[in-house]
Amino acid sequence: MFDYQPNNHLLQQKIILVTGAGDGIGREAALTYARHGAQVILLGRTTAKLEAVRQQITNEGGLPADIYTMDLLTVTAEECQTFANDLTQRYSRLDGVLHNAGLLGAVSPIVEQPVQLWHEVMQVNVNATFMLTQALIPLLLKSTSASLVFTSSSVGRQGRSGWGAYAVSKFATEGLMQVLAEEYRDTSLRINCINPGGTRTNMRASAFPDENSAKLKTPADIMPVYLYVMGDDSRNDSGISFDAQPGRKAGPAE
């Protein structure tokens, strides 16, 4: 595991937006950031799930979280800009954005990839992420030490048979991160990727239905790297693709 011991007040005074915050890793990241003092903004497509996360943050004594319902499958650049404008009315800055929302698509050979599903995976994992980033960068630049984090995958670094649109979208994500890291090298904004590795989530279960999920790390287990990239200990790290589970072999849990 990524070895990092954060202090309990690591994210005090920080305002952090998490996409895909209703479920899985996004939900755990939002709860974890709140527990470390952050003011969290929850974005996802299912209002009820976001409300449950907000309620849990409140129950645990965290700062009240804002929720925004957005479907990245249909979102437009104009809607992303309207969202950013709304945030600007409410917040003076953003200290962090975790792009966690993602779509798996079909685990099948390229020649069998349904074209519509290919477009949907690219829309959620690449296009919507790009449009949101474009709209939110001005708010991130208002912070003295902001962190922009994308979610990658081992199949976005080395192509693997059957991973189709998902793998290609993660190669694109790595590329987007690297380009942005170069473009903002001389600013207070750092830009990195996290590859969570095989984690016990619903998305993982649909990719590996026969896997023994008990052998996988839980979202809570991989939070050290998610805390590291958002806190000031990582302020000099940019353009890096971090592994939440260094040394883990790609593929089904063994």
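Placed above this text is the structure.
The sections below set out a description of the structure shown in this document. Here the structure is a predicted model, which is why all the values come from computation and not from measurement.

1. Here we look at the overall build of the protein chain
Part 1 of the argument: Across its full length, the protein chain carries 7 helices and 7 strands.
Part 2 of the argument: If you list the helices and strands of the protein chain from N to C, you get β-α-β-α-β-α-β-α-β-α-β-α-α-β.
Part 3 of the argument: Computed over the C-alpha atoms, the radius of gyration of the protein chain is 17 Å, within 12% of the 18 Å expected from 2.2 N^0.38 for a compact globule of 254 residues.
Part 4 of the argument: Structurally, the protein chain occupies a C-alpha span of about 50 × 40 × 40 Å along its principal axes.
Part 5 of the argument: Counting all 254 residues of the protein chain, 52% fall into the buried class.
Part 6 of the argument: Contacts spanning at least 24 positions in sequence make up 75% of the contacts within the protein chain whose residues lie at least 6 apart.
Part 7 of the argument: For the protein chain, the exposed surface amounts to about 11600 Å²; the carbon and sulfur share of it is 49%.
Part 8 of the argument: Taking the 21 positively charged and 25 negatively charged side chains of the protein chain as two groups, their mean positions are separated by 4 Å.

2. A look at the sheet that holds strand β4 (residues 96–99)
Part 1 of the argument: Pairing is parallel in the open sheet, where 7 strands are placed in the order β3-β2-β1-β4-β5-β6-β7. Looking at strand neighbours, the two that pair on one side only are β3 (66–69) and β7 (241–243), the edges of this open sheet. Neighbouring strand axes in the sheet, compared pairwise and without regard to direction, differ in orientation by 20 degrees on average.
Part 2 of the argument: Of the strand pairs in this sheet, β4 and strand β5 (residues 146–151) are connected by 4 bridges, and their pairing is parallel. Bridged to G96 within β5 is S147.
Part 3 of the argument: Packing of helix α7 (residues 223–230) onto the sheet brings it into contact with β1 (15–19), β4, β5, β6 (189–195) and β7, and relative to β6 it is tilted by some 170 degrees.

3. Focus: the environment of A21
Part 1 of the argument: Here A21 shows up in the loop between β1 and α1 (24–35).
Part 2 of the argument: C-alpha separation for the pair A21 and Y68, spaced 47 residues apart in sequence, amounts to 10.0 Å.

4. Brief notes about the pattern of salt bridges
Part 1 of the argument: One pass over the structure, following the stated rule, counts 11 salt bridges.
Part 2 of the argument: Of the charged contacts in the structure, one is a salt bridge between R157 and E174, with a shortest N-O distance of 3.4 Å. Here R157, found in the loop between β5 and α5 (164–183), pairs with E174, found in helix α5; they are 17 residues apart in sequence, far enough to count as distant.
Part 3 of the argument: Judged by its relative accessible area of 35%, R157 falls in the partly exposed class.
Part 4 of the argument: In this structure, E182 and R185 form a salt bridge, with 3.3 Å as the shortest nitrogen-oxygen distance.
Part 5 of the argument: By relative accessible area, E182 is classed as partly exposed at 49%.
Part 6 of the argument: For R185, a relative accessible area of 56% puts it in the exposed group.

5. Focus on the pairing of β3
Part 1 of the argument: Direction of pairing for strand β2 (residues 39–44) relative to β3: parallel, over a ladder of 4 bridges. If you follow I41 over to β3, its bridge partner there is D66.
Part 2 of the argument: Where the polypeptide runs from β2 across helix α2 (residues 47–59) and back to β3, its parallel neighbour, the crossover connection is right-handed.

The rules behind these values
Residues numbered from 1 in each chain as written. Predicted model: local features only at pLDDT ≥ 70, side-chain atom pairs only at ≥ 80, totals over all residues. Heavy atoms only, no water. Helix = DSSP H or I, 4+ residues; strand = E, 2+ residues; numbered from the N terminus. Rg over C-alpha atoms; globule rule 2.2 N^0.38 Å. Buried < 20%, exposed > 50% of the residue type's maximum accessible area, 1.4 Å probe, protein only. Contact = heavy atoms within 4.5 Å. Areas by Shrake-Rupley, 256 points an atom, 1.4 Å probe, with all protein chains shown as cover. Lys, Arg positive; Asp, Glu negative; His and termini not counted. Charge placed at Lys NZ, Arg CZ, Asp CG, Glu CD. Pairing = 2+ DSSP bridges. Axes fitted to C-alpha atoms, helices over the stretch in contact; angles between N-to-C directions. Salt bridge = Lys/Arg side-chain N within 4 Å of Asp/Glu carboxyl O. Right-handed = clockwise from strand over helix to strand, strands pointing away.

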